Amino acid sequence: MTAPLTPPPHQPPDDNGHGNPWQAPDPMAGHLPPPAPSPAREDGPGLKAELREAVVVFVGVALVGLLLGVLWLWLAPRVPLVSDSSAVYLKDSEGEQAIGIDGTFALLGLAFGAVTAPLVFLWRRRGGIGIVVALALGALLGGVIAWRFGIWLGPARDVAAHAKEVGKGVVFDAPLELKAKGALLAWPLAATVVHLALTGLFGPRDPDPYAEYYAPRGPEPDPGAQGSPM
């Protein structure tokens, strides 16, 4: 006579509340499925706030062009003219003052780009395409403002009237001119490059959406130890 088969006392019950000693251990026991990716969160301000910040950057950078115009007038070389009461001539026909005027404007534009870009970056380290576009357009408008403002502050535009006013044989300064209009791009190009470099080096990083999958986990339980008898 054989003894009835009874489940061991420490066998966990099955779905019906009774232990099943012949059931093979679940190979997936103790293995949790990977967590579902969390929904993306919208960090930073909304669209209205970004537009407002872009407008502030655009207007602020453009107004700095007034300072550039004053510095251009102050640092640019002068083109000397002289009149013989019938015509106006260059006092130094081989002079390179005109090239120096364009070069001074371009160098000042590069310097202003190297200064305004870090200021904008420190104000909004988050960056964004709106800030970069506003910075570039503001610098371009600022260059135009500096160009026209410097001419307006400089020597008189009416050369003939100025020559009659100063008299025959008296040297006077020619009107300030920007012959190389490409110098207007020095400021926006420098500002854009510097701002993008600062954002790439020191800007905030986006969180890794898969970082939770690579996080270390604790030791997994042995599925065979659940049904082992005492």
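Refer to the structure above for everything that follows.
Residues numbered from 1 in each chain as written. Predicted model: local features only at pLDDT ≥ 70, side-chain atom pairs only at ≥ 80, totals over all residues. Heavy atoms only, no water.

**So, the environment of phenylalanine 149**
Defined as follows: By definition, any uninterrupted DSSP run of H or I lasting at least four residues is a helix, any uninterrupted run of E lasting at least two residues is a strand, and each is numbered from the N terminus. Categorising residues by exposure relies on relative accessible area from a 1.4 Å probe, with only protein chains included: less than 20% of the type maximum marks a residue as buried, more than 50% marks it as exposed, and the intermediate range marks it as partly exposed. Residue contacts follow a heavy-atom distance rule, with two residues in contact if any of their heavy atoms lie within 4.5 Å.
With respect to the helices and strands, phenylalanine 149 occurs in helix H4 (residues 129–153). A relative accessible area of 22% places phenylalanine 149 in the partly exposed class. When neighbours within four sequence positions are excluded, phenylalanine 149 is seen to be in contact with Leu66 and Val70.

**So, the packing of aromatic side chains**
Pairs of aromatic rings are described using the distance from one ring centre to the other and the angle between the two planes. For clarity, the threshold we go by: Aromatic contacts are taken between Phe, Tyr and Trp rings whose centres are within 6.5 Å, Trp giving its six-membered ring; a plane angle under 30 degrees counts as stacked, one over 60 as edge-to-face, and the others as tilted. Placement of a positive charge over a ring is assigned whenever Lys NZ or Arg CZ falls within 6 Å of the ring centre and within 35 degrees of the normal to the ring plane.
Counting across every chain of the model gives three aromatic pairs. A centroid spacing of 5.5 Å and a plane angle of 70° characterise the contact between phenylalanine 112 and tryptophan 187, whose relative ring orientation is edge-to-face. Pair noted here: phenylalanine 112 is in helix H3 (residues 97–123) and tryptophan 187 is in helix H6 (residues 186–202), with a separation of 75 residues, a long-range link. Judged by its relative accessible area of 1%, tryptophan 187 is buried. On the basis of an interplanar angle of 25° and a centroid distance of 5.9 Å, the ring pair of phenylalanine 149 and tryptophan 152 is categorised as stacked. Of this pair, phenylalanine 149 and tryptophan 152 are both found in helix H4, three residues apart, which corresponds to roughly one turn of the helix. Take tryptophan 152: its relative accessible area is 65%, and that puts it in the exposed class. The lysine or arginine in question, arginine 124, covers the ring of tryptophan 123, its NZ or CZ lying 4.3 Å from the ring centre. The ring of tryptophan 147 is capped by arginine 148, whose NZ or CZ atom sits 4.8 Å from the centre of that ring.

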